[in-house]
Structures are given as C-alpha cells and as structure tokens.
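Fold and contact review
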Amino acid sequence: MIWVIYCFLAIGIIFQALGTVALHRFPDVYTRLHGSTLCTTFGSIFIYLGIILYGVRLYFLEKAGYASLITHTILILVLLMITNPTGAHAIARATHRSGIMPKYAVVDKLKERRR
Amino acid sequence: MILTALLVLALALVILMIICLVRAILGPTVPDRVVALDAINTLAIAELVTLGALLEEIVFIDVAIVYTMLAFVSTLYIAKYLEGRL
C-alpha cells in the first residue's frame, strides 16, 4: 500500500511540474491557460488521492485523526474539481472579450458568432 | 520514510510556486499574470494539504477548503474586471 501512495504522489508532482513548464514554454495566453490548468488540476487530484490513502494507512496503523483527514481531503478534492475548470473558462472568456487574440490562430469562430 | 516523501513533496511544490511567480512577474499582458496566479493558487492548496498531512494539523486542511473557495471567487472577479463589466 505504501508504494501505491508513493506512485500517486510522484505522478502528482510530475504533472504539477509539467504544468509549470507549460507556463513558460507556450507562446500565448490561451495555450498557457490550457496547459497550466489541465496539468495542475490532474496533478492535484493525484496528490489528494495519495493523501487520502495516507489517511487510510493511518486508520490501519490505529493512529488518531484519520477520519477528519480523509473526509476533509475528499471535500477539497470535489471542490477543486468543480471550481478550477470554471475559473479557467472565465479567464479565457474575459481574455477574449478584452481584445487579446491568439497568436498563431487562423480562424476565430467565437468572434464570428458574437458578431 | 513516508514523512520524508511528504517533506520532499512540500519543498518541490514551493519551488514550483517560485517558478510560477517568475511568469507572474514577467508576463507581457495582464491575463498572463492572472493565469500564473491561478496556477499559484492551485499549488498553494496542494501545499496546504501536504503540510496538514505531514505535521498532522487538520486545521491546515480546513484553511485549504476556505482558500479554494476564496481563490475561485477572486478569479471570477478578476475575470469580470478584465471583461470591463465592473
């Protein structure tokens, strides 16, 4: 079980690092938003799964404080999966409305539809 | 052993937050800085949960729950301000 926790934490930190690299390697606001939000959300999900399994391990070791650790981490996992994509969508929409266009884009369907 | 892994995870998350802060300072336009701030918020929530499991302080995870909702509200208000409707 402890190796499963290690694997989850490793997957999480690798994806967080990929999201941070995506902030620096992409040329544009929209591509940066895409890369960083997807990778940090996925990495955070795996880090929280690792923490939940750590709480289950505390239960089997019969230590105190496992119940609130598990339940609060599940609550924050659900909250993060709801709020993070919504915030990214709001940022992308506001960026498009404030007049900043994608750098290498050829067509812009949203602009055509809003006209 | 697993406490060492959690400590390494917390330190790595701090380093990633500093790298994101470089983008928030350098960013050419305002939405670049907002995107970097959003990534920093997500990393900070993961950092709080990791420290809560490492130090066995459940208060940190409660703070992380409130921080998630406050970061969401602040992101929505910054987006509304960028849109010019505030």
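Note that the structure is a prediction, hence the values are computed from the model and not measured. (Residues numbered from 1 in each chain as written. Chains lettered and ligands numbered in written order. Predicted model: local features only at pLDDT ≥ 70, side-chain atom pairs only at ≥ 80, totals over all residues.)

Below, the discussion takes up the packing of helix α2 (residues 29-60) of chain A against helix α2 (residues 30-55) of chain B. Packed helices, taken two at a time, are described by the angle their axes make and the gap between the axes. In contact at an axis separation of 10 Å, α2(A) and α2(B) are set at 5 degrees when each is read in the N-to-C sense. Classified by the interaxial angle, the pair formed by α2(A) and α2(B) is roughly parallel. Listed contacts from α2(B) to A:Val29, A:Arg32, A:Leu33, A:Ser36, A:Thr37, A:Thr40, A:Thr41, A:Ser44, A:Ile47, A:Tyr48, A:Ile51 and A:Tyr54 of α2(A) are B:Pro31, B:Asp32, B:Val35, B:Asp38, B:Ala39, B:Thr42, B:Leu43, B:Ala46, B:Val49, B:Thr50 and B:Ala53. When grouped by side-chain class, the residues that make up the contact of α2(A) with α2(B) number 13 nonpolar, seven polar and three charged. (Axes fitted to C-alpha atoms, helices over the stretch in contact; angles between N-to-C directions. Helix = DSSP H or I, 4+ residues; strand = E, 2+ residues; numbered from the N terminus. Parallel < 35°, antiparallel > 145°, perpendicular 65-115°, else oblique. Contact = placed C-beta atoms within 7 Å. Nonpolar A, V, L, I, M, F, W, Y, C, P; charged D, E, K, R; others polar.)

Now for the interface of chain B and chain A. Between chain B and chain A, the contact holds 40 residues from the first and 42 residues from the second. Secondary structure elements with two or more residues in the side of chain B that touches chain A: α1 (2-26), α2 and α3 (58-83) of chain B. Residues that form the side of chain B that touches chain A fall into these classes: 27 nonpolar, six polar and seven charged.

Core analysis: the biggest nonpolar cluster contains 46 residues, and A:Ile91 and B:Val49 have the highest contact counts within it. Secondary-structure elements contributing two or more residues to this core are α1 (2-25), α2 and α3 (66-97) of chain A together with α1, α2 and α3 of chain B. Sort the elements by how many residues they give to this core and α2(B) lands first, with 12 residues. In contact with A:Ile91, other than residues within four places in its own chain, are A:Leu33, B:Pro31, B:Val34, B:Val35, B:Asp38, B:Thr75 and B:Ala79. (Core = buried A, V, L, I, M, F, W, Y, C linked by C-beta atoms within 7 Å. Buried ≥ 20, exposed ≤ 12 C-beta atoms within 10 Å, placed from the backbone.)

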